[in-house]
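One-letter residues, chain by chain:
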Amino acid sequence: MHECATYVAASERLLLRPLTRADLPVIGRWFSDERIRRFYLLTEEGVGADTLAEAIEWARHDPDVAAWAIEERDGTLAGLGNWRADPVFRDVYEIEVTLGPHMPGGRGYGTEAHALVLDHLMRTRPAAKVTGRALADNHAVIALAARLGFVEEGRLRRHVQIGAERVDLVVVGILREEWERSRQARPYATISWGSGADNPRSGANRRHAVRMNGDGSTAWCTPAAGRPTRHAGGGS
């Protein structure tokens, strides 16, 4: 858990904040996991800390690129995501999200994490369309995308080489108006800061003090030991 983290969006169980260098040791360990290498990195080879650090710096200086850490409500790192604008069609963005290998399957965390990043992208960037890619044998993510309203737009045959194997790559996309319809039909919601949202650590996790930043984001800072804290809504 960061001593002071800036959260920009929340869902029922997850929080979204910018990825930082402090996250790299944990994510580096995740990238040794075979499933993450295959289905998120699309390679059998690992990705080094230098590459991740470069991505963080790129996101800091380019508003059309973002690198995100996804946390559980207790501050445990749960996943990561990113988006970037197409270099030619600047209102089209590509999104990528993965959960850490420790996260339980079959409990909806993957769908919730993808929705959290997708919704924040649509609320904060002028995106007319968002795309995603998945290996053709990544049936879980392809089904997840369909639940969020993505439509399969094509298949790049034998596009990715993983070891000695060449695998098809499925391309999915969602238009802004499709996102609006699918978001309204979901049984759950996400929020982005700057709209008077409630304290994301209310209830059982009352350990942090809130500070509203000038850009509309919310910073939660761990107080010094033994000091009382105040929370949104006037709690103490």
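Quick caveat, the model's predicted, so the values are computed rather than measured.

Asks: Can you walk me through the packing of aromatic side chains in this structure?
Replies: Applying the stated criterion across every chain yields a total of one aromatic pair. Stacked on the ring of Tyr109, the Lys or Arg Arg13 has its end atom at 3.8 Å from the ring centre. Geometry around Trp179 places Arg183 over its ring, the cationic atom sitting 4.6 Å from the centre.

Asks: What exactly am I supposed to notice about the environment of Asp33 here?
Replies: By the secondary structure assignment, Asp33 is in the loop between α1 (24–30) and α2 (34–39). Asp33 sits in the partly exposed class, given a relative accessible area of 24%. Note: C-alpha distance between Asp33 and Pro101 (68 residues apart in sequence) is 7.0 Å.

Asks: Whenever I open this one, the pattern of salt bridges confuses me. Can you help?
Replies: In a structure, side chains of opposite charge can pair up when their charged atoms sit close to one another. Scanning all chains against the criterion turns up 17 salt bridges. Ionic pairing is found between Glu165 and Arg38, a salt bridge with its closest N-O pair at 3.3 Å. Of this pair, Glu165 sits in strand β9 (residues 165–175) while Arg38 sits in helix α2; the two residues are 127 residues apart in sequence, bridging distant segments of the chain. Judged by its relative accessible area of 38%, Glu165 falls in the partly exposed class. By relative accessible area, Arg38 is classed as buried at 17%. Among the ionic contacts, a cluster of salt bridges with common partners joins Arg84, Glu94, Glu96 and Arg133.

Asks: What's the story with unusual backbone geometry in this structure? I'm lost.
Replies: A negative phi angle is the norm for most residues apart from glycine, just as the trans form is the norm for most peptide bonds. Despite not being glycine, Arg158 shows a phi value in the positive range, around 45°. One can find Arg158 in strand β8 (residues 151–162).

Asks: Sorry, what's going on with the pairing of strand β4 (residues 65–72) here?
Replies: Residues in a regular strand point their side chains to alternate faces of the sheet. Judged by how many residues are buried, β4 sits mostly within the fold: eight of eight residues are covered. Burial of β4 is two-sided: the residues Val65, Ala67, Ala69 and Glu71 facing one way and the residues Ala66, Trp68, Ile70 and Glu72 facing the other way are all buried. As judged from the five bridges shared by strand β3 (residues 14–18) and β4, these two strands associate in the antiparallel manner. Across the sheet, residue Leu16 finds its bridge partner in β4, namely Ile70. Where β4 meets strand β5 (residues 77–85), seven bridges bridge the pair, whose relative direction is antiparallel. Residue pairing across strands places Ala67 opposite Asn82, the latter belonging to β5.

Asks: Explain the pairing of β9 to me, please; I cannot follow it from the model alone.
Replies: Pairing of strand β7 (residues 129–135) with β9 involves seven bridges; the strand directions are antiparallel. Paired with Lys129 across the bridge in β9 is Leu175. Pairing between β8 and β9: eight bridges, direction antiparallel. Paired with Val160 across the two strands is Val167, which belongs to β9. Where β8 folds back on β9, the antiparallel hairpin that results is connected by two residues, among which Gly163 adopts a positive phi of roughly 65°.

Conventions used here
Each chain has its residues counted from 1, following the order in which its sequence is written. Only residues with pLDDT of 70 or above have their local features reported here, since the model is predicted, and side-chain atom pairs are shown and tallied only from 80 upward, although totals for entire chains, interfaces and linings are computed over all residues. Hydrogens and water molecules were not included; the side-chain quantities draw on all heavy atoms of the structure. The rule is short: rings of Phe, Tyr and Trp, with Trp giving its six-membered ring, pair when the centres are within 6.5 Å, and they are stacked under 30 degrees, edge-to-face over 60, tilted in between. Counted as over-ring charges are cases with an Arg CZ or a Lys NZ within 6 Å of the ring centre that also lie within 35 degrees of the ring normal. Strands are runs of DSSP state E lasting at least 2 residues, helices are runs of H or I lasting at least 4, and numbering of each runs from the N terminus. Between buried and exposed lies partly exposed: a residue is buried under 20% and exposed over 50% of the maximum accessible area for its type, with that area taken using a 1.4 Å probe on protein chains only. Salt bridges are identified by distance alone: a Lys or Arg side-chain nitrogen within 4 Å of an Asp or Glu carboxyl oxygen. Note on pairing: two strands pair once DSSP finds at least 2 bridges between them.

All we've got here are geometric facts, nothing functional implied.
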